[in-house]
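# Fold and contact review
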Amino acid sequence: MEVSVESDRAARHRRAVVFCCDDNYLPYAAFAAMQVAALAPERDFDIVICADTPLDLPPDLGLRHCVIDAGGMFDGFGLDARRTVSTYLRLAVPEALSKEYDRILYLDSDIYLRGGDFGALLKLDLGGRPAAAVRDNQQWRTPGRHAPDLKALGLPNGAYFNAGVMLIDVAAWREARVLARALEFGQKHAGRMRHKDQTLLNAVLQGDWAEIAPVWNWQYTRSSRLFEAMIDTHVVHFIGPAKPWADPENRLPPQFAKALARFMDRHFPDRPRPSPGRGPMAEPGAARALAWTHLRGAGRTERYLARFADDLTVLP
């Protein structure tokens, strides 16, 4: 399947960390991309921002920019204010960039990086599978839970991943015809994919993905945020409506919004600046409620984490 791409510069390496975004999410994708760059100054991989239209990247960031023309292939997939063409663009990235990259690490834009060896992650042996990912948080404490979106589609129970961080073996992805199968499934089930792109990817890759440690996609929820401070988390992922740039109910600690605001002051001074709130501790009783929620799930969380010997463990 032909997907056209235009780039502002040539690829330098055979591996890449890739973000897909539209103009609205550009500052947040660029912030995460620069965090990757800061963690790997001597990196052997490219950092790429992909979009379906040209974006105005600040030149001093030094990021590669690729414009991918998906040719309307995702029309009718249930696009909305939160899920634009850029949401589904990750499906086309391995095809669009297959002549340049053997491995691609796709990252969502709503993340905050703590650390991690991304070069080592990009070289993991996936056992011939098209992709590796982190299990969705709904199965961290209840691994046998049948994901509701797959159940609603009549698909069998099984391991279910969060699509915000995906390590892709480009050759295996193309050999498995993931893009073509995803397009067929999306057109057939348009309007029934509860989590849109995530439902689609899990349906197509069910039983054919490798599981990696949750430190690479620590999904920041009410029942996991305190544990995040107790382990060597690499990628904090703000799933749900609360983001560092949009947190009217003070669900997130102010540290994330403050770091983003400093970045935007320098590189995106004309964009609306996030306003850090006081955080969840400003609400009376919030600390006790969070502590109790974590205490109830501590044993099951410990058992889940114990499955991974280290941060580069790959489970079949």
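Scroll up to find the structure.
Note that this is a predicted model, so its numbers are computed, not measured. (Residues numbered from 1 in each chain as written. Predicted model: local features only at pLDDT ≥ 70, side-chain atom pairs only at ≥ 80, totals over all residues. Heavy atoms only, no water.)

### What to know about unusual backbone geometry
- Even without glycine at this site, arginine 177 takes up a positive phi of about 55 degrees.
- If you trace the backbone, arginine 177 turns up in the loop between helix H6 (170-175) and helix H7 (178-188).
- Phi at asparagine 250 takes a positive value of approximately 55 degrees, unusual for a residue other than glycine.
- Along the chain, the position of asparagine 250 falls in the loop between strand S11 (235-237) and helix H10 (254-267).
- What makes asparagine 250 partly exposed here is its relative accessible area of 26%. (Helix = DSSP H or I, 4+ residues; strand = E, 2+ residues; numbered from the N terminus. Buried < 20%, exposed > 50% of the residue type's maximum accessible area, 1.4 Å probe, protein only.)

### Considering the state of the cysteines
- In the structure shown here, the tally under the stated rule is zero disulfides.
- Here cysteine 21 stays free of any disulfide, with the sulfur of cysteine 20 as its closest cysteine sulfur at 7.8 Å.
- We classify cysteine 21 as buried; its relative accessible area is 1%.
- Cysteine 66 takes part in no disulfide bond, and the closest cysteine sulfur, belonging to cysteine 50, lies 4.8 Å away.
- Assessed through its relative accessible area of 0%, cysteine 66 is described here as buried. (Disulfide = S-S within 2.5 Å.)

Spatial relationships are all this shows, so hold off on functional conclusions.
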